[in-house]
Protein chains: 2
Amino acid sequence: MNDAPFDDGGPKSRRRSVSGPTSADVARLAGVSRSTVSRTFTPGASIDPVTAARVRAAAEELRYSVDPLARSLISRRSDTVGLVMGGLENPFYPAVAAGFMERLQQRDLRVMCHVAADIEAVADGVRAMLRYRVDALIVTASGMSNAAVDDCRRAGVTVIFFNRAVTLSAASSVQTDNVAGGRAVADHLAACGYARPAYVAGLANASTNRDRQAGFTDRLAERRLPAPRVESGGYTYEGGCDAATRLLRTKPRPDAIFCANDIMAMGVLDTLRHAHGLSVPDDMAVVGFDDVPMAGWPSFDLTTVRQRRNRMIEVTLDLLDDLRGDAEAPPVHRLIPGRLILRSSTRSP
Amino acid sequence: MNDAPFDDGGPKSRRRSVSGPTSADVARLAGVSRSTVSRTFTPGASIDPVTAARVRAAAEELRYSVDPLARSLISRRSDTVGLVMGGLENPFYPAVAAGFMERLQQRDLRVMCHVAADIEAVADGVRAMLRYRVDALIVTASGMSNAAVDDCRRAGVTVIFFNRAVTLSAASSVQTDNVAGGRAVADHLAACGYARPAYVAGLANASTNRDRQAGFTDRLAERRLPAPRVESGGYTYEGGCDAATRLLRTKPRPDAIFCANDIMAMGVLDTLRHAHGLSVPDDMAVVGFDDVPMAGWPSFDLTTVRQRRNRMIEVTLDLLDDLRGDAEAPPVHRLIPGRLILRSSTRSP
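Numbers given to residues run from 1 along each chain, matching the order in which its sequence is written. Think of it this way: whatever chain is written first is A, whatever ligand is written first is 1, and the rest follow in order. Local features in this predicted model are restricted to residues of pLDDT 70 or higher, and side-chain atom pairs are both shown and tallied only at a pLDDT of 80 or more, whereas totals for entire chains, interfaces and linings draw on every residue. Excluded from the side-chain calculations are hydrogens and water; all other atoms, namely the structure's heavy atoms, are used.

Q: Is there a simple way to explain the sheet that holds strand 7 (residues 229-232) of chain B in this structure?
A: Paired through backbone hydrogen bonds, the strands of a sheet run either parallel or antiparallel to each other. All names here are of chain B. Here, strands pair whenever DSSP counts at least two bridges between them. Secondary structure elements follow DSSP: runs of H or I no shorter than four residues count as helices, runs of E no shorter than two count as strands, and numbering proceeds from the N terminus. The six strands are arranged 7-6-8-9-10-12 in an open sheet whose pairing can be described as mixed. Two strands lie at the open edges of the sheet, namely strand 7 and strand 12 (339-341), each paired on one side alone. Each strand axis lies, on average, 20° off the axis of its neighbour in the sheet, ignoring direction. With three bridges joining them, strand 8 (residues 256-259) and strand 9 (residues 285-290) adopt parallel strand pairing. What sits directly across from A256, in strand 9, is A285. Relative to strand 7, helix 10 (residues 237-248) is tilted by about 145°, and along the sheet it contacts strand 6 (197-201), strand 7 and strand 8. Only the stretch in contact is used when a helix axis is fitted, and all axes are lines through C-alpha atoms; the angle between N-to-C directions ranges over 0 to 180 degrees. Contacts between residues were defined by any pair of non-hydrogen atoms, one from each residue, lying within 4.5 Å.

If you want it as structure tokens, here you go:
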């Protein structure tokens, strides 16, 4: 596996959030649980008065402010992070969203969510979140206009693209090394003796798709294999099914299909097996990208490039700690290496 | 299909949100797009000054308030709805979350999200959201304490449980008629001639699980079929796999397995076929609940009870419009009929 261009962004130091004392700090000082701190400051919640007094004393000592809205009007900080997503159909993204929510909650930060199907809807969501004074935005949607990024910069709001390349704008990014992932797939297919590769593309405007395709195509050429036949699958299961049907009509017929994500690959697998009676990997190899949980289920048992989701989320949150509240900080870009997972949808090398 | 107890809550009138004028109202009056209204009130966003003046005049005429945080400190209303979820592993819930986000965004409401693995974490999330003054809470998590519901009532925040029964508390609920769904599965298996039923249970404390099991068991008894052998699958794919392995060891071996959700049923299917070489539906029938998209994929082609997700979301939002801002309103409970979807994981009747 050629993973020379992989770079995981170097060593990270776990840093304290810059948002001031949290309820966890108050809990520690008062010697109570976070849930007790929470009850102390929630109107109407039941709490022992002696315990409440101890919690209030600890909060005062740490200058922990209780009313988040009043605090954010004064400080222009809301302890809220916006999460702008393109959709939740691909199971990779619900897992990412849940991972961010769990970890942001642990840091006493709230999460405001927005789903947006296109670049204009993303801009609408970003502006709505700016009016609510989110401290930072994590964007997993595939497109965001430079105008919307500029709005954020002027508002002092840090933007981090998750698994999206950033070209012109001032935003930071954390992504899987998609080029290296595409190259690793080309190397594996070549090593297994496949000779007629095809590529099922995701959304044309998504950097993930462009990078995976470029890595795959370039490495095939370096290994003197033909350029892949390309069909679009639009990053959906149904798109994968249709792309497989079209690829089966081409001559010469491909013997290996690399799909830009797992759910398209599952559509390809189902179509080859159930609509055309073909055997995978004997008649044709299928490879995906993501390693969503169901890629490992025996119905699919899909060779794929694993995105190290938890690592990517941690790196994003470290970046958020570093950059939040510093609108002048230069953007930072991190590439996280993926990992080729070999299963039975490809032959052994 | 016996769906006598089904009740879809009667006719609904589409009502205006009670939250006052929205940016859509301003856009309409000014004759511009919502995105233009949004840009007008976003510091730093580019906008033609003449257009901006027209938008400001329209906003003033409608008494549309611009700063949501200032507005919510005064009005104790944030135009934010909290969404408290148990997790996103079951693909039914990401689809529900995306559906709520899309529709709430269309109504100019923000969505604050929280994932919580247990009842204590749910209470923490609810209290955090109360401090941020959400207007209402939609809860898809399986458990919420009465204390947390009471906190909400005292704070004047409407709570609606989505697909959860409510027993003691003051919260409203919208759910699939899970009892009728379980009964419909029993009727179908009986009609197909299956005689040794089994049930793979979800979480023991989830009302969805209790109701599906009760409907299934009661209807089997009415039809003079044996009580189902029960194994727990914990609502996960892996739990379904393990439950199938245990069921195969019982004597007499079951000939039909009803699972309390689809992902457990997919685990059962994969285990029967790939680990034990059994044929579905010839050797054994498998039935799920939810009708997630992949239940229809040819690798599974699962007979299941469809939850009418979009209808449930619409009914929930109608209820929210009716109840929001009225803490004294009595709780409302809506049952939405499910629908048995016949596929090839069961024989024909």
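Q: Help me out: how do you make sense of helix 11 (residues 262-275) of chain A in this one?
A: For an α-helix, 3.6 residues make a turn, and residues three or four places apart therefore share a direction. All names here are of chain A. Along its 14 residues, helix 11 runs 19 Å from first to last C-alpha, staying within 8% of the 20 Å computed at 1.5 Å per residue. Residue burial is assigned from relative accessible area. The probe radius is 1.4 Å, only protein chains are included, and a residue is buried under 20% of its type maximum, exposed over 50%, and partly exposed in between. The element helix 11 is extensively covered by neighbouring structure, given that 11 of its 14 residues are classed as buried. Listing the buried residues of helix 11 in full gives D262, I263, M264, A265, M266, G267, V268, L269, D270, T271 and L272. Those residues of helix 11 hidden inside the fold are in contact with strand 6 (197-201), helix 10 (237-248), strand 8 (256-259), strand 9 (285-290) and strand 10 (303-306). N-capping of helix 11 is provided by N261, with a side-chain oxygen placed 3.0 Å from the backbone N of M264. At the exit of helix 11 stands G277, carrying a positive phi of roughly 65°. Multiply 1.5 Å by the residue count of a helix minus one, and that product is the helix's expected span. Think of a polar contact as two N or O atoms within 3.5 Å of one another; within protein, one of them needs to be a possible hydrogen donor and the other a possible acceptor, and neighboring residues in sequence only count if both atoms come from side chains.

Q: Please clarify how unusual backbone geometry should be interpreted in this entry.
A: Backbone geometry follows two general trends: most residues other than glycine have a negative phi, and most peptide bonds adopt the trans configuration. Across the junction of A:K251 and A:P252, the peptide omega takes the value -5°, indicating a cis bond. Going from A:V280 to A:P281, the amide bond is cis rather than trans, its omega being 10°. The residue A:P281 is located in the loop between helix 11 and strand 9 in this model. The backbone phi angle of A:D108 is positive, close to 65°, even though this residue is not glycine. Mapped onto the elements, A:D108 comes out in the loop between helix 5 (92-106) and strand 2 (110-115). A residue is classified by how much of its surface remains accessible, and A:D108, at 15% relative accessible area, is buried. Non-glycine residue B:D290 carries a positive phi angle of around 130°. Summarising the element assignment, B:D290 is placed in strand 9. For B:D290, a relative accessible area of 3% puts it in the buried group.

Q: Sorry if this is basic, but what is going on with the pairing of strand 7 (residues 229-232) of chain A here?
A: All names here are of chain A. As paired elements, strand 6 and strand 7 share four bridges and run parallel to each other. Among the inter-strand pairings, Y199 is bridged to a residue of strand 7, identified as V230. In this region the chain leaves strand 6, passes through helix 9 (residues 207-222) and returns to the parallel neighbour strand 7; the handedness of that crossover is right-handed. The crossover handedness rule: strands pointing away from the viewer, path from first strand over the helix to second strand clockwise, crossover right-handed.

Q: Please clarify how the pattern of salt bridges should be interpreted in this entry.
A: A side chain of one charge can pair with a side chain of the opposite charge when the charged atoms of the two come close. By salt bridge we mean one thing: a side-chain nitrogen of Lys or Arg within 4 Å of a carboxyl oxygen of Asp or Glu. Enumeration according to the criterion identifies 30 salt bridges over all chains in this entry. Ionic pairing is found between B:D25 and B:R28, a salt bridge with its closest N-O pair at 3.2 Å. Of this pair, B:D25 and B:R28 both sit in helix 1 (residues 23-30), separated by three residues, roughly a single helical turn. Its salt-bridge partner being B:R223, residue B:D187 comes within 2.7 Å of it at the nearest N-O pair. Here the residue B:D187 occupies a position in helix 8 (residues 178-191), and B:R223 occupies one in the loop between helix 9 (207-222) and strand 7, the gap between them amounting to 36 residues. Ionic contacts of the salt-bridge type, sharing partners, join the residues A:R183, A:D187, A:R219, A:E222 and A:R223 into one network.

Q: Sorry if this is basic, but what is going on with the interface of chain B and chain A here?
A: Many descriptions give the size of an interface as the accessible area lost when the pieces come together. At the interface, 52 residues of chain B touch 52 residues of chain A. Counting across the interface, chain B meets chain A through zero salt bridges. Our count for the chain B to chain A interface comes out at 12 residue pairs in polar contact (both at pLDDT 80 or more). Looking at the side of chain B that touches chain A, its residues break down into 27 nonpolar, 11 polar and 14 charged. With three bridges connecting them, strand 2 of chain A and strand 2 (residues 110-115) of chain B associate as antiparallel partners. By the bridge assignment for strand 2 of chain B, A:V111 is matched with B:C113. Classification used: nonpolar for Ala, Val, Leu, Ile, Met, Phe, Trp, Tyr, Cys and Pro, charged for Asp, Glu, Lys and Arg, polar for all others including Gly.

Q: Sorry if this is basic, but what is going on with the domain arrangement of chain A here?
A: In this entry, domain limits derive from an automatic or database-based domain assignment. Parsing chain A into structural domains produces domain 1 (23-72) and domain 2 (178-308). Of note, the centres of domain 1 of chain A and domain 2 of chain A, computed from C-alpha atoms alone, are 53 Å apart.

Q: Please explain the relation of the copies chain B and chain A as it appears in this structure.
A: Related by rotation about an axis and a shift along that axis, the two copies of the chain form a pair. The transform that puts chain B on chain A rotates by 180° and translates by 0.0 Å along the axis, for an RMSD of 0.1 Å. Each copy turns onto its partner about a two-fold axis. When C-alpha distances to the rotation axis are compared across chain B, the minimum falls at B:M112, with a value of 2.2 Å. With an isologous cut-off of 70% or more, the 100% of interface residues of chain B that recur at the interface of chain A puts this contact in the isologous class. Superposition of the copies was done by least squares, using only C-alpha atoms of residues whose pLDDT is at least 70 in both.

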